Amino acid sequence: LFINENGMWTKEPEEIDQGILAYGILRSTTDIKRVRPAMDRMYQLICKRKAKEDGCVQYREYVPQLRFVDTIGFICPFLALYGKTYDRPEAVDLAIHQIKEYYKKGLHNETLVPAHAISIELNFPLGIYGWGRGVAWFMLGILDMWKELDIGHSEYQNICLMIKDFADKMKLYQNTDGNYFSRFGTISRIDSSITAVAAYFYKKCGEIFDNTEYKNISHNCCIAL
């Protein structure tokens, strides 16, 4: 459906959002050589969106000074897997840089709840803190990127600690019936997207850290869904 007989996209990617599709394809293929043209094209698009000011990838060309939390989930797992698969360590470095910059500038200092975006020009977070789906994109991005890192990578333990800190903070926002609201810290509508991603995130964290509490959080998310 997505890759033609020449290993290229049947429809050219126009936005970095397609990085998550590229990740899924590269993660599941049995022939990494066949799909390489498409994977290279995706990487080229991502690099084209890298800004000189901070070395991070722009979400959209028409808002070059903003960094959105969505981007973490869209590109970071792909970059890490692409770099590992095709021996492009600079791609892995870009994924780590993107996450560390957002962790430093886009998360609340005390709660670690992500803001929707960061203004590079003004150097402060924009939009609401605790948009549920934004939290979900960050969960997916940081966890799946870390899963692709070689255990001997210099940032392996640092990213692992970030995941643990984030898991400990976000568990506080789970409702008693197991789901999550669309906006953390408020009584708002129930959001199946963040609840489903949290189920995945805490299941994996439970395995990584051998943590029963995380496993129970995941189980309760599944029941709520």
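Details of the structure are given in the entry above.
One structure accompanies this document, and this report is about it. Positions within a chain are numbered from 1, following the residues in the order the chain's sequence is written. Thresholds applied to this predicted model are a pLDDT of at least 70 for local features of residues and 80 or more for the giving and counting of side-chain atom pairs; totals over whole chains, interfaces and linings are not thresholded and use all residues. The side-chain quantities take in all heavy atoms of the structure and omit both hydrogens and water.

### Brief notes about the packing of aromatic side chains
Only the six-membered ring of Trp is used, alongside the rings of Phe and Tyr, when aromatic pairs are assigned; centres must lie within 6.5 Å, and planes under 30 degrees apart are stacked while those over 60 apart are edge-to-face, with the rest tilted. Evaluated as defined, the whole model comprises 16 aromatic pairs. Judged by centre distance (6.4 Å) and plane angle (90 degrees), the ring pair of Phe 166 and Phe 201 falls under edge-to-face. Note that Phe 166 is positioned in helix α6 (residues 156-170) and Phe 201 in helix α7 (residues 192-208), a separation of 35 residues in sequence. Accessible area is worked out with a 1.4 Å probe on protein chains only. A residue is then buried under 20% of its type maximum, exposed over 50%, and partly exposed in between. Since its relative accessible area comes to 0%, Phe 166 is described here as buried. Three or more aromatic residues link up through ring pairs in this structure, and these residues are Tyr 102, Tyr 103, Phe 138, Phe 166, Phe 201, Tyr 202, Phe 209 and Tyr 214. Only when the NZ atom of a Lys or the CZ atom of an Arg is both within 6 Å of the ring centre and within 35 degrees of the ring normal do we say a charge sits over the ring. Over the face of the ring belonging to Tyr 59 we find Arg 60, whose NZ or CZ atom lies 4.1 Å from the ring centre. The secondary structure listing takes helices from DSSP runs of H or I that are at least 4 residues long and strands from runs of E that are at least 2 residues long, numbered from the N terminus.

### Quick notes on helix α1 (residues 19-28)
Each full turn of the α-helix corresponds to 3.6 residues, which orients residues three or four apart in the same direction. Of the positions making up α1, those classed as buried are Gly 19, Ala 22, Tyr 23, Ile 25 and Leu 26. The criterion used for residue contact is that any of the two residues' heavy atoms lie within 4.5 Å. Looking at the buried positions of α1, the neighbouring elements they touch are α2 (36-48), α3 (70-85) and α5 (132-148).

### Remarks on the pairing of strand β3 (residues 124-129)
At least two bridges found by DSSP between two strands are what make those strands a pair. Relative to β3, strand β2 (residues 115-119) runs antiparallel, the two being bridged by four bridges. Looking across to β3, one finds that Ser 119 is bridged to Phe 124. The antiparallel pairing of β2 with β3 creates a hairpin that spans four residues between the two strands, and Asn 123 there sits at a positive phi of about 60 degrees.

### Structural notes on unusual backbone geometry
Both trends apply: most residues other than glycine have a negative phi, and most peptide bonds are in trans. Look at Leu 112: it is not a glycine, yet its phi comes out positive at around 65 degrees. In this fold, Leu 112 is placed in the loop between α4 (89-105) and β2. Classification of Leu 112 by relative accessible area gives buried; the value is 11%.

These results come straight from atomic positions and should not be treated as a statement about function.
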